[in-house]
Structure formats: structure tokens, C-alpha cells
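Below, each chain spelled out in residue letters.
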There are 2 protein chains.
Amino acid sequence: MSKTVGILGGMGPLATVDLFAKIVENTPAVLDQDHLRIIIDNNPQVPPRVEAIMQNGESPLPALVASAKLLAAAGADFIVMPCNTAHYWLAEMQAAVTIPIYSMIDNAAAYMAEHHRHLSGRLLLTATEATINLELYQQAFARHGMSLRLPDPDDRKIIDKAVRRVKAGELATNPYLGDINAMLARQAAEGTAAVFAGCTEMPLLFPYFTVPLERFDATLLLARMAVARARSEG
Amino acid sequence: MSKTVGILGGMGPLATVDLFAKIVENTPAVLDQDHLRIIIDNNPQVPPRVEAIMQNGESPLPALVASAKLLAAAGADFIVMPCNTAHYWLAEMQAAVTIPIYSMIDNAAAYMAEHHRHLSGRLLLTATEATINLELYQQAFARHGMSLRLPDPDDRKIIDKAVRRVKAGELATNPYLGDINAMLARQAAEGTAAVFAGCTEMPLLFPYFTVPLERFDATLLLARMAVARARSEG
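Residues numbered from 1 in each chain as written. Chains lettered and ligands numbered in written order. Predicted model: local features only at pLDDT ≥ 70, side-chain atom pairs only at ≥ 80, totals over all residues. Heavy atoms only, no water.

### Observations concerning the sheet that holds strand E6 (residues 214-217) of chain B
All names here are of chain B. Stated precisely, the cut-off is as follows: We call two strands paired when DSSP finds no fewer than two bridges between them. Helix and strand labels come from DSSP, where a helix needs a run of H or I of at least four residues and a strand needs a run of E of at least two; each type is numbered from the N terminus. Axis lines are fitted to C-alpha atoms, over the contacting stretch for helices. Their N-to-C directions set the angle, which ranges from 0 to 180 degrees.
What the three strands build is an open sheet, ordered E4-E5-E6; its pairing is parallel. On the outer flanks of this sheet lie strand E4 (123-126) and E6, each paired with one strand and no other. This sheet shows a mean twist of 25° between the axes of neighbouring strands, independent of strand direction. Sheet topology note: the strand E5 (residues 194-197)/E6 ladder contains four bridges and is parallel.

Encoded structure:
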């Protein structure tokens, strides 16, 4: 009997759809019944994480804890959360529930260190400015002896704007795609070998990247980990 | 304050992803916080509906009722279910919970009667053989004074096989696409004007239809209805 996956989502909703789809697509299955039970709380009313960190706005923690408790009560055996910035509150959330909340950040860093260590120093982190300022990914990669390239300050502003437009549903029509592709071209010229999406909105823009840099996606790595955990014994 | 949508899903999981995505894409939103709260129970372990009806297999009703109760307890204000065949048990499910379960079949028939009545008699139902045999759509359309064309018996077998392969994740690679396109070409030559997807796996194959028939999708109509219900007063 597989474990039940809990997805604490809504930050944003399209990124939650993306994780759900990637879990389903990465589950070995022929019949419906081979698939995993997944309980999702898509709660977009969680106060905005970037604003809480950058502008001392309302804390999302109470809403995150309530959602984690809802998933546990509904029968989830563990929780994953397709919002990197919200991982800032992970330890406090974990203290409030008895089921494990697996970190997409730690998972991604461990995976990259195991399989793509040679990219250390040449891997560009694309993430919200809040996630970058909190050093969530830099510290996780450093624990595995790897370093990340960071976008230039101006490019961080562009990434944040592009992410906000994804949350409004703008993918192919995202007005910042040109700027992002220009950034990627500049980075490639300066020796960047690959892009790491450390914001769950970024992989939704991958199909529109025109620069042939290798791409890594923390959401996809999280999906594969969730499938493996759900299908593992004990 | 919008209402919370409950999705009773997993039948199959890709169809549940599809409904979730269509709800998100059809919600007018700029910020995460403009989006709807959606609680999803993706429960693929519900006993197979087609087999229950066609081969007198295990009833899915207890699992469906348990899932509806889970969604109600988690805070859903109403339930939608992206599996047409499972609507056979809708009345019994509704008797077990106090929140409304809105029928995707009734919704689709009412919408088509209001907006596309001229297609009566020229609209091809693509659905599982179980859904066709139970006359779920034929009766719903008849209540609105409309009639549906049905696939030939051989084509019904092909639709069922194609649907099973979608549940295994086969979309572009679905081995029955050629047969389905041949059916559509034959139907078009015989006066069919449009295709109505009365199985939630069918719209996932729409991108691979090569015959220029107009297409209607009960999942998309359900998504729009869910958004309108969630945003309505009272």
C-alpha cells in the first residue's frame, strides 16, 4: 500500500498544478489504481511570502500551519510544498505536525550534488529575490560542497516581475521573457553552464527559454522524490 | 470571500490535473490571493467504475462517499467530480454529505442546450461504453430537448481502449489515435458537426485530433461552473 502524498499548495496555483502533474507523470502506472493518493490543499489565501520577508508583511506561518494540519487530518502521510520561498518557515511548520514535511530545497541540493557536482560554480539560481536574500539555496548547496551563481541585482528584479506575471497566468505572453532570455544569453557568455529553477513558477517558463542552457527544476526533483517516498516501504 | 472548491478526483489522475488546471486558468486573477481555495482528494484507489457497471465488479460507492466526506470535513463548500462514469452514483453520494455535489453531466447538458442547441442530432458523444450504456448523457440532453449521436459499437470499444491508455499516461503516443481520427472522419462525412467529450480522459486527446470538427469538453464546462459557483454570493 503506497503512502498518501500531501501537497501544501496554492503558492501559486499554477505551480501546484505543475507539481501534481509531475507526480502523476512520474508514477509508474497502467491503471488508475496504480497511481498515488494525493491530497492537495491549494490555498492561495496564504499571505504573500515575498512581501512578508522583504517588507515585513503579515506572516504566512499561521496559514501554513493550518494547511499542514488540514492535510495531516485528511490522511496525508507526508507533506511537500511547491513554493521555495515558503520553505523559510519549514522548521516552524514541522514543529506543528507529526507527519514529515520534506524540503524541496534540501532534496534538490542533495540530488544536484550526487548527479551534477561538476556544475558547481557554473549553475545559475533563478529564484525570487526573497529566496536569494535568505540564502535558502546557497546554504543548502554549500552543505553539499557546491556553489551557485546568482543573478545580477537588476536581473533579480526582472525574475520577480516575471514570477508575478506567471501567478497571473501569463506564460507564453509573459512580458519579461525577452529580458530573461537576454539574461540567460549574458550568463551563458560568462560561463554559466546550466539554469536551476529555485522558484516553482520558473519551470513554467522553460518552454519559452531560447538560450540552449541545460535546465534543472526543483519541482520535478520534488515530484520524483515524492513518488519514491510514497512507494517506499516503511 | 470565495467558496472552497472540493475536487473528488483520481479517476483518473491526469483528468484531475486537467480539471484543476482549467479551474486555475479560468479564474480571473492577478495575485495568488485572487485565486480559489481548492481541496483535492486524488484517490485513484476507488474501485474501477466501468468494471463495476459492465462486469458487476466491486462497487466504488463506499470509496466515493468516504472521499466526499473527507472533502466536506476539510472545508470544501461544494464538490465536483472529474469522472463522468462515477456520476452514476451521484445521488447516493449526495445523500451522504450535506454540501452540494454539482453534476458535470447536468451542467454540460444545460450549457449545450443554452448555447449550442442547433447542434442537436449532430453532436457525437465520446464516452466510455459504461457511460453510454447507462445513458447518463443521452438522458441529460433529452431533458433539455436535445439528442446526441452515439459512436458505432466497434468505435465504443476503441474509445474505451484509448481511455485506458490515457490513464496509463499515453497521450501523443496513444496507440488508438489513428482509429479515433478515422472514426471522426467517418462521422464528419455522415453529418456529425461536433464532438462532445463525455469522458474526462477525452479532452487530453483533443490536441491530437486531426479532423476539423468543433470540440466540446465537459471538464472545461465544469471548471467554468466551479469558478462561477465559488465566486458567487450565497
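Now that the structure is up, let's keep going.
### Observations regarding the state of the cysteines
Heads up, the condition is: Sulfur atoms of two cysteines make up a disulfide when they are within 2.5 Å.
As enumerated under the stated definition, the model contains zero disulfides over all chains in all. Cys-83 of chain A supplies the cysteine sulfur nearest to Cys-199 of chain A, a cysteine that is in no disulfide, at a spacing of 7.3 Å.

### A closer look at the interface of chain B and chain A
Here is the rule: Contacts are residue-level and defined by heavy atoms, with any inter-residue pair within 4.5 Å sufficient. A side-chain nitrogen of Lys or Arg and a carboxyl oxygen of Asp or Glu constitute a salt bridge if their distance falls within 4 Å. Each polar contact in these results corresponds to two N or O atoms within 3.5 Å; when the atoms are within protein, one needs to be able to donate a hydrogen and the other to accept it, and residues that are neighboring in sequence are counted only if both atoms are side-chain atoms. Three categories are distinguished: nonpolar for Ala, Val, Leu, Ile, Met, Phe, Trp, Tyr, Cys and Pro, charged for Asp, Glu, Lys and Arg, and polar for the others, with Gly belonging to the last.
Contacts between chain B and chain A engage 34 residues on the former and 34 residues on the latter. At the surface where chain B touches chain A, the tally comes to six salt bridges. Here chain B is connected to chain A by 19 residue pairs in polar contact (both at pLDDT 80 or more). Per-element accounting of the side of chain B that touches chain A gives the leading share, seven residues, to helix H1 (residues 13-25) of chain B. For the side of chain B that touches chain A, the residue count by class is 20 nonpolar, eight polar and six charged. Where strand E2 (residues 38-42) of chain A and strand E2 (residues 38-42) of chain B come together, five bridges link them in antiparallel fashion. Within the sheet, the bridge partner assigned to Asn-42 of chain A lies in E2 of chain B and is Ile-38 of chain B.

### Quick word on the pairing of E2 of chain B
Residue and element names in this part refer to chain B. To keep things clear, this is the line we draw: Whether a residue is buried, partly exposed or exposed follows from its accessible area with a 1.4 Å probe, protein chains only, as a fraction of its type maximum: under 20%, in between, or over 50%, in that order. Note on handedness: a clockwise path from strand one over the helix to strand two, with the strands aimed away from the viewer, defines a right-handed crossover.
Extensive coverage of E2 is indicated by the burial of five of its five residues. Where strand E1 (residues 5-9) lies against E2, five bridges are found, and the strand directions are parallel. Following the sheet pairing, Leu-8 is matched in E2 by Asp-41. In this view, the connection linking E1 to its parallel neighbour E2 by way of H1 has right-handed handedness.

### Structural notes on the nonpolar core
Heads up, the rule is: Joining through side-chain atoms within 4.5 Å is the link that ties buried Ala, Val, Leu, Ile, Met, Phe, Trp, Tyr and Cys residues into a set, and such a set is a nonpolar core.
By size, the foremost hydrophobic cluster in this structure holds 128 residues, and its most contacted members are Phe-196 of chain A together with Phe-196 of chain B. If sequence neighbours within four positions are ignored, Phe-196 of chain B has contacts with Ala-108, Met-112, Leu-123, Leu-124, Leu-125, Thr-126, Tyr-137, Phe-141, Phe-216, Ala-218 and Leu-221 of chain B. With 47 residues, the next largest nonpolar core counts Met-11, Met-81 and Ile-101 of chain A together with Trp-89 of chain B among its residues.

### Here we look at the relation of the copies chain B and chain A
Stated formally: The fit set for superposing copies consists of C-alpha atoms from residues with pLDDT of at least 70 in both; the fit itself is least squares.
For these two chains of identical sequence, chain B goes onto chain A by a turn of 180° and a shift of 0.0 Å along the axis, with RMSD 0.0 Å. The symmetry that links the two subunits is that of a two-fold axis. Residue Ile-40 of chain B, judged by its C-alpha, is the member of chain B lying nearest the rotation axis, at 2.4 Å. When the interface residues of chain B are mapped onto chain A, 100% of them again lie at the interface, so the same face is used by both copies.

### Overview of the domain arrangement of chain A
Residue and element names in this part refer to chain A. Keep this limit in mind: Source of the domain bounds: an automatic or database domain assignment. Note on terms: buried area is the combined drop in 1.4 Å-probe accessible area of two parts once they are placed together, counting the loss on both.
Examined at the domain level, chain A breaks down into domain 1 (5-104 + 221-231) and domain 2 (105-218). Using C-alpha coordinates to define each centre, domain 1 is positioned 21 Å away from domain 2. With 22 residues of domain 1 at the contact, the number on the domain 2 side is 27 residues. In total, domain 1 and domain 2 occlude about 1,900 Å² of area from one another, counting both sides; carbon and sulfur atoms represent 60% of this. Area buried by domain 1 at its contact with domain 2 is led by Asn-84, Met-104 and Leu-221, which between them contribute 34% of it. The tally of links between domain 1 and domain 2 comes to one salt bridge.

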